[in-house]
Amino acid sequence: MSTPTPLEAAALDALRTVIDPLTGQDWVSTRHLKSLTVQGSQARVEIALGYPARSQWPAYTALVEAALKKVDGITSVDVAWSTQILTHAASRGQALLPGVKNVIAVASGKGGVGKSTTAVNLALALAAEGARVGMLDADIYGPSQPLMLGIQGKPPSPDGKTITPPVNHGLQMMSMGLLVENQAATIWRGPMASQAFDQLLRLTNWGEPGQPLDYLVVDMPPGTGDIHLSISQRAPLTAAVIVTTPQDIALLDARKGLQMFEKVSVPVLGVVENMAVFCCPNCGHEEHIFGQDGGVRMAEEFHVPLLGSMPLDLKIRLQADSGQPTLVAEPDSKVAGLYKDMARKLAAGLSKLPKDYSSKMPVVSVQTQG
């Protein structure tokens, strides 16, 4: 890199004062700034964010412009944005999954809190913001993602051993629901279910050649039993998200789910408070049916972020049941915006976790001399 001119050095100092709204860090010290040049009175800037936030690029551009135009001699600013999502270390130093950079578990500890609906909409939101995303339905006994993503039929196997995951709405998805005939009940003991999950995880051809998934979202089964512990220990999880309702009973189980991840050294990116408030579509009256601020208190108790609070909205359920989740059915709606906001927050939090350097480690080979 050539030595910066005095004007470029002043521009660099100005850019150091711009703080990323989601990470709380500047783009210079975190090396997300790829280039900065000043020709005449125009500054040209290239920044590669470590998380998907395509919808925020105009707002971020305004922050950069405001800072650089304070520098004497700069009258115009051109900012080019891109997304560069890195691979982060998996829990307990586990080997990474081929074709996947980061694995995010979405868990609840309790059923009926809207975890699967939240998981699929978060996955779609990450994709809408510019990431390559896949979905793994880890609920062996009650898979729901095939219905929510409108996918049917057995996926193909190119070699009789591995599975090519079907794609819909821009997401790769794999689920036991695609392999069981006519949605028959899966009556398996814990070890069998754990082995089935392991095969779904590792025998699926995630990503494309030369284009690994940035995120694989795992829709965890409810509970904190044997199968959940097996999944947490055997899957190379990067981080987790906890979904709950404000209700005390749901919070009790959600705490157990969060503590489970803590015990297996999986970072928790935050809490999603689902069904936080009901707004009457006729009169506009708001009612906290399941209690108020339960998710807020839980996030404060465990010192993790509250990613967001979602309303109790009939359309969210209807859209998911129809195979057209909210991010697909109404991508520009207020509810879709809430999902995108949560997706950006969790991705930004993940971008601050320790990186994976295993691919840069030298390979040691032993040779014997004849």
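Scroll up a little and you will see the structure.
Every value quoted in this text rests on a predicted model; they were computed, and no experiment measured them.

What follows covers the nonpolar core. Ranked by internal contacts, the top residues of the largest apolar core, which has 68 residues, are V45, L49, V64, W81, Y215 and Y339. The element contributing the most residues to this core is helix α11 (residues 334-351), with nine residues. Counting residues in hydrophobic clusters, the runner-up holds 40 residues, among them V103, M174, W206 and I231.

Strand β7 (residues 171-175) sits mainly inside the fold: five of its five residues count as buried. Here β7 shows no split at all, with L171, M173 and S175 on one side and Q172 and M174 on the other all buried. Pairing of strand β5 (residues 133-137) with β7 involves four bridges; the strand directions are parallel. The partner of L136 across the bridge, within β7, is M174. Here strand β6 (residues 167-168) pairs with β7 via two bridges, running antiparallel. In the strand pairing of β7, N168 is matched with L171. Joining the antiparallel neighbours β6 and β7 is a turn of two residues, in which H169 adopts a positive phi near 55°.

Moving on, we come to the sheet that holds strand β3 (residues 76-83). Adjacent strands of a sheet pair through backbone hydrogen bonds, lying either parallel or antiparallel. One open sheet accounts for three strands, arranged β1-β2-β3; its pairing is mixed. Of all the strands in the sheet, just β1 (33-39) and β3 have a single pairing partner and so form its edges. In this sheet, adjacent strand axes meet at a mean angle of 10° when their direction is disregarded. With six bridges connecting them, β1 and strand β2 (residues 42-49) associate as antiparallel partners. Among the inter-strand pairings, T37 is bridged to a residue of β2, identified as R44. Against the sheet, helix α1 (residues 6-15) makes contact with β1 and β2, and its axis sits at roughly 135° relative to β1, the strand it touches most. Taken strand by strand, helix α2 (residues 57-68) contacts β2 and β3, and its axis lies near 140° from that of β3.

It is worth spelling out the environment of V45 at this point. Note on placement: V45 falls in strand β2. In this structure V45 comes out as buried when scored by relative accessible area, which is 1%. V45 has contacts with L15, L33, S35, L36, V64, L68, D78, V79 and A80, leaving out every residue within four places of it along the chain.

Conventions and cut-offs
- Residues numbered from 1 in each chain as written.
- Predicted model: local features only at pLDDT ≥ 70, side-chain atom pairs only at ≥ 80, totals over all residues.
- Heavy atoms only, no water.
- Core = buried A, V, L, I, M, F, W, Y, C linked by side-chain atoms within 4.5 Å.
- Buried < 20%, exposed > 50% of the residue type's maximum accessible area, 1.4 Å probe, protein only.
- Helix = DSSP H or I, 4+ residues; strand = E, 2+ residues; numbered from the N terminus.
- Pairing = 2+ DSSP bridges.
- Axes fitted to C-alpha atoms, helices over the stretch in contact; angles between N-to-C directions.
- Contact = heavy atoms within 4.5 Å.

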